[in-house]
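Report on the structure
For reference, the chains in residue letters:
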Amino acid sequence: MTIADSRSPFVTPVLTRRGLLKMGGVMMVSFAIPQLVAGDAAGGTSPDPQRLSSWLEIRHDNTIVVRTGRTEIGTGMSGFYAQVVAEELCVPPEAITLIMGDTDKTPDGGYSAGFRSGAANLRKVSAYTYLALLSLASQALGIPVSELSVTNGVVSGRSKSISYGELVGNQHLDLKIPVSGEPARVDSNSWNGMSGLDGLVVLGDPPLKPMSQYKVIGKSHPMPGTPDKVTGQMQWSCDVRLPGMLHARMVRPPTLGSALISAGALDKARFPTAHVITKKNLVAVVSPDEWEAINAARSVASGSKWTDWSGLPGSENLTKTLRAYKWGAPSGTRGNSAEVADALARASRTLSARYEQPYIKHAPIGPFVATADVRSDGSVTVWTHSANSQGLRAQIANTLGVPVEKVVVRWLEHAGQFGRTTFGGDGAEGDAVILSQLTGKPVRVQWTLQEDLAWSASSPGWVEDIACALDADNKIAAVRSTFYSSQSNDARIVGAILAGMPGSEPKPGYWVATEWPYDKIQNRLEEVYGMPNPGSDSSTIGLRGLIMRTPGQRQQNFALESLMNEAASSAGVDPIEFRLQHTTDQRLIDIIRATTRAAGWEPQPAPHSRAKRTGTEPIPGRGACIMIRENSYWMGIAEIAVTPDIGSIQVIKFTIGIECGKIINPRQLERCMKSGVVMGVSEALKEEVTFDTGRITSTTWSRYRILTMAETPEIKTVQISRDDKGYGGGSEAANAVCPPAIAAAFFDATGVYPRRIPLTQSYVTSLLKS
Amino acid sequence: MANELTLSVNGAQHIVSVSREMPLLYVLRNELKLSGPRFGCGIAQCGACSVLVNGEEVRSCIAPVSSVVENQVTTIEGLPAVWAAKKGLSPSDVAKSLHPVQQAWIDEQVPQCGYCQSGMMIAAVELLSKNPNPTVAQIKDAFTNKPPSPHLCRCGTYVAIIDAVQRAAEAMKA
């Protein structure tokens, strides 16, 4: 994240807008001669971030164009950004048109995952603009700023008024925006092989509107993209059509490390307009006709010969492989080693457990697609749906060996991908630019589902050892956790690796991701280890790992919260009461109490007295967990039914609560909470990547199973909004609140604590028989 | 081999010159430039490509184009006209109105990424044509157990879809 301290950009300002202006202001406001609109600059350069018009333009009809390098990721980010800008400028959000993610039309870049850092930039730009507009209106109307007010973009005072549009006319506001930060670039010294991925940061502390005066934020304005998505008007990343464009289908090796011996022959009688394109291990078939490309690629694939390769451990051996790895020093440590060791040694009782999860997938419903136009003049344009356009741009420039100024990335919406492209690449863009360069024509590359599930990065499997010391009062005196996984930062571009072209070079490592919720547990030691991805080296793809929704914390919180549930049971205390005994954080306590009430939870230790491991009747169970993330406080309560003899679990109801500071849009937050629960239940019950020694084998929806509508529980939401804690991240993390609560509910029903997810039928059956 | 085929899509006749076995999806997208139906899995496992053929849901990613000749194909782009015809609306009203399922998808704010939602709305229209007042259990059953596969949403909008189907059912009774 760009902004380490979640609260700093959003504290209630000391200065008021008017107060600042009375002090003489901090900026010069003047009209400049109309210049080229940002984005019309020659070549592929990005708009100058120090110019206001690169961020925000006020049109004479009082509409506003806002530009951000961040993108919509399906959670409503575009709507939230529009609300933030509208609030600061005192305009309706419908007046705002957002331009997102195009590197030649937007100034900043950065991860699209973080609302708070993206919103911080737009909020400051809007606040600077607001000050400038008030100053201009004061001059135009001859009225002091202190007597002006703004409603719906119209500045009024002493019964005179003028709109923003009239003030600015057809000119540009000449306002300098202070920014810092480095552009994205491939950087072999960096952990993920890239630097500058945060994007630029707008500096300064312009006075922001106090939350107590909010009129737009906190209201459920509709999401701007919805009508186009519902009527078929939306142009998606898969809808790019260029003159002379070729369709490509890739012919992938049989394993994640095979080398090409010979590409299959193309039957020109059957496929007269198709061509086979080969560069090292990158093999594709291109054709002006998509159906011909599909069939010709199948034909070429069946005749292609590749070397054998078996660099993977096989998914059934994953835990063993992680256990056997020589880890060396941890890549991340937090806590007090000596005190924890001492507390564990002195404890009246200790509890230890080992939790684990296999590889899972981002698994977008739409396989990745990209279109590229690489021209003989050296210009490169890529149309795609990467969530970090500037990061991808830097990677493409690096792979093709062209200056970054020659590369333009254009962003369009596509299927949700949940963090897979946070570092830029992990799609078809590499294939597309290489094929366009080789053919001299625009090329559209559509991955198949099987290709997407087999060749994209995954969220790596992990194991965690965690132990706690219980004192004589049954309180936890110390916690020690050790997390092992492979690296989650491998955004190398598949096409570049296969073609033997340069790419980013990530380093093994991991990070302590939990935000510690239990301030009464002072003695804690968290250590994390990240090993290289299995089967990955500079010339092989292997099992690449990339972060996925609520990364790191999803995994580490599963272990911590499962331990809390097991410890509560050991202490004979209700699991929610046990959590309350270990925190004094009032925000956490508030959301725990509100969610507990909403779920109708009556205190009782787990497992329930009716718990049993056999039988054909469904046994009810319930479980809870909490999480603090990104200035947000979460609680989840699962109610499930376990039918032991058939090994089935049904999640009946899930109650989820959040306190995330000021809620931007309650309705969309509710939608994100409920949909996040669906993804979390899916992860808890079903999701697992399988692989043999050479390839991923879970490559269709019948082998990589995700939750269906019939399996979706009743979901109840609880929201607490407050004006004194800034904004929190609300749309991301609901998924991570589910698996620990569901595992705890399984324990409540059966008396057996599941230390692995997913809780598939075969795992549940073996667990209950053991 | 390429043949001239006459298709009826969203109420209009189109003559296309494509091979008879080409899946309908590629004809709709590449020949007719419709972006409603989308490529999801290509093997009838997700529902992102669904269209109506004579009012029945069909997975266009596997249906050969020759199988729909002489049938009425409807994508989400054509849903407003379907509703307008049913209600006897004037041409000027057609331009302004959406199918109640589409309106419900907006009102209930269903889409997140939205990639699967074209197929979801198609499934909803078919369901409501057969069962104008479905229970939650019946909605879940229709979107999950009807062959060839469940309609999948990775963003997890199932609850919003259930809300929207029920809202649309109410609107269509009026």
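Residues numbered from 1 in each chain as written. Chains lettered and ligands numbered in written order. Predicted model: local features only at pLDDT ≥ 70, side-chain atom pairs only at ≥ 80, totals over all residues.

**A word on the domain arrangement of chain A**
Residues and elements named next belong to chain A. Looking at the assigned domains, one finds that chain A contains domain 1 (8-231), domain 2 (242-313), domain 3 (315-362 + 456-553), domain 4 (368-446) and domain 5 (570-769). Distance between the C-alpha centres of domain 3 and domain 5: 21 Å. Opposite the 26 residues of domain 3 that make contact, domain 5 presents 27 residues. At 6 residues, the largest contribution of residues to the side of domain 3 that touches domain 5 is made by strand 19 (residues 349-357). Its residues assigned to classes, the side of domain 3 that touches domain 5 comprises 12 nonpolar, 6 polar and 8 charged. (Domains from an automatic or database assignment. Contact = placed C-beta atoms within 7 Å. Helix = DSSP H or I, 4+ residues; strand = E, 2+ residues; numbered from the N terminus. Nonpolar A, V, L, I, M, F, W, Y, C, P; charged D, E, K, R; others polar.)

**Focus on the domain arrangement of chain B**
Residue and element names in this part refer to chain B. For chain B, the assigned domains are domain 1 (2-76) and domain 2 (78-173). The C-alpha-based centres of domain 1 and domain 2 are spaced at 19 Å. When residues of the side of domain 1 that touches domain 2 are traced back to their parent elements, those giving at least two are strand 3 (50-53) and strand 4 (56-59). Its residues assigned to classes, the side of domain 1 that touches domain 2 comprises 8 nonpolar, 10 polar and 4 charged.

**Quick word on the interface of chain A and chain B**
Across the contact, 45 residues belong to chain A and 47 residues belong to chain B. Those elements that provide at least two residues to the side of chain A that touches chain B are helix 6 (226-231), helix 7 (290-303) and helix 17 (666-685) of chain A. It is helix 17 of chain A that contributes the most residues to the side of chain A that touches chain B, 8 residues altogether.

**Structural notes on the packing of helix 17 of chain A against helix 18 (residues 738-750) of chain A**
Residue and element names in this part refer to chain A. Packing of helix 17 against helix 18 brings their axes to within 8 Å, and their N-to-C directions diverge by 55°. By the criterion of interaxial angle, the relationship of helix 17 to helix 18 is oblique. Crossing of helix 17 over helix 18 shows right-handed handedness. Contacts between helix 17 and helix 18 involve Val677, Gly680, Val681, Glu683 and Ala684 from the first element and Cys738, Pro739 and Ile742 from the second. Across the contact of helix 17 with helix 18, the residue classes break down as 6 nonpolar, 1 polar and 1 charged. (Axes fitted to C-alpha atoms, helices over the stretch in contact; angles between N-to-C directions. Parallel < 35°, antiparallel > 145°, perpendicular 65-115°, else oblique. Left-handed = near helix turned anticlockwise from the far one by under 90°.)

**Considering the packing of helix 5 (residues 117-130) of chain B against helix 7 (residues 158-173) of chain B**
Residues and elements named next belong to chain B. Running from N to C, helix 5 and helix 7 cross one another at 45°; their axes reach a closest spacing of 11 Å. With respect to helix 7, the element helix 5 is oriented oblique. Relative to helix 7, helix 5 is oriented so that their crossing is right-handed. Residues Met120, Ala124, Leu127 and Leu128 of helix 5 form the contact with helix 7, whose own contacting residues are Ile161, Val165, Ala168, Ala169 and Met172.

**Digging into the pairing of strand 22 (residues 407-411) of chain A**
All names here are of chain A. For strand 22, a buried count of 4 out of 5 residues is recorded, marking the element as mostly surrounded by other parts of the structure. Bridge count between strand 21 (residues 380-384) and strand 22: 5 bridges; the pairing is parallel. Across the sheet, residue Thr384 finds its bridge partner in strand 22, namely Trp411. Between the parallel pair strand 21 and strand 22, the chain is carried across by helix 10 (residues 389-400), and the sense of this crossover is right-handed. (Buried ≥ 20, exposed ≤ 12 C-beta atoms within 10 Å, placed from the backbone. Pairing = 2+ DSSP bridges. Right-handed = clockwise from strand over helix to strand, strands pointing away.)

**So, the environment of Val285(A)**
Residues and elements named next belong to chain A. Inspection of the secondary structure puts Val285 in strand 16 (residues 282-287). Classification of Val285 by C-beta neighbours within 10 Å gives buried; the count is 29. Between the alpha carbons of Val285 and Arg249 there is a distance of 5.6 Å; along the sequence they are 36 residues apart. Not counting residues up to four positions away in its chain, the partners in contact with Val285 are Ala248, Arg249, Val251, Ala274, Val276, Ala293, Ala296, Ala297 and Val300.

**Re the sheet that holds strand 15 (residues 275-279) of chain A**
Residues and elements named next belong to chain A. Taking strand neighbours across the sheet as the criterion, the 7 strands line up as 15-16-13-23-20-21-22 in an open arrangement whose pairing is mixed. This sheet does not close on itself; its edge strands, each paired only once, are strand 15 and strand 22. Between one strand axis and the next, the sheet turns through 25° on average, direction left out of account. Across 4 bridges, the pairing between strand 20 (residues 369-374) and strand 23 (residues 443-446) is antiparallel. When the bridges of strand 23 are listed, Ala370 appears paired with Val445. The strands that helix 10 touches are strand 21 and strand 22; relative to strand 22, the one it contacts most, it runs at about 145°. With respect to the sheet, helix 11 (residues 429-439) is in contact with strand 13 (246-250), strand 15, strand 16, strand 20, strand 21 and strand 23, its orientation differing from that of strand 20 by roughly 30°.

**Quick notes on the environment of Gly623(A)**
All names here are of chain A. Examined against the element boundaries, Gly623 turns out to sit in strand 27 (residues 619-629). According to the C-beta neighbour criterion, Gly623 is buried, with 26 such atoms within 10 Å. Considering only alpha carbons, one finds Gly623 and Val300, 323 residues apart in sequence, at a separation of 53 Å. Sequence-distant contacts of Gly623, defined by excluding residues within four places in its chain, comprise Asn565, Ala638, Ala741, Ile742, Ala743, Ala744, Ala745, Phe747 and Asp748.

**Things to note about unusual backbone geometry**
All names here are of chain A. For the peptide bond that leads from Ile757 to Pro758, omega is 10°, which places it in the cis range. Counting through the fold element by element, Pro758 comes out in the loop between helix 18 and helix 19 (761-769). Phi is positive for Asn152, close to 50°, though the residue is something other than glycine. If you trace the backbone, Asn152 turns up in the loop between strand 5 (149-151) and strand 6 (154-157). Positive phi, close to 55°, is recorded for Ser159, a residue that is not glycine.

**Some words on the sheet that holds strand 5 of chain A**
Residues and elements named next belong to chain A. The strand order across the open sheet formed by 3 strands is 5-6-7, and the pairing between neighbours is antiparallel. Looking at which strands have only one partner, the edges of the open sheet turn out to be strand 5 and strand 7 (160-163). Direction aside, the axes of adjacent strands within the sheet are offset by 25° on average. Examined bridge by bridge, strand 5 and strand 6 share 3 bridges and lie antiparallel to one another. Of the residues in strand 6, the one forming a bridge with Val150 is Val155.

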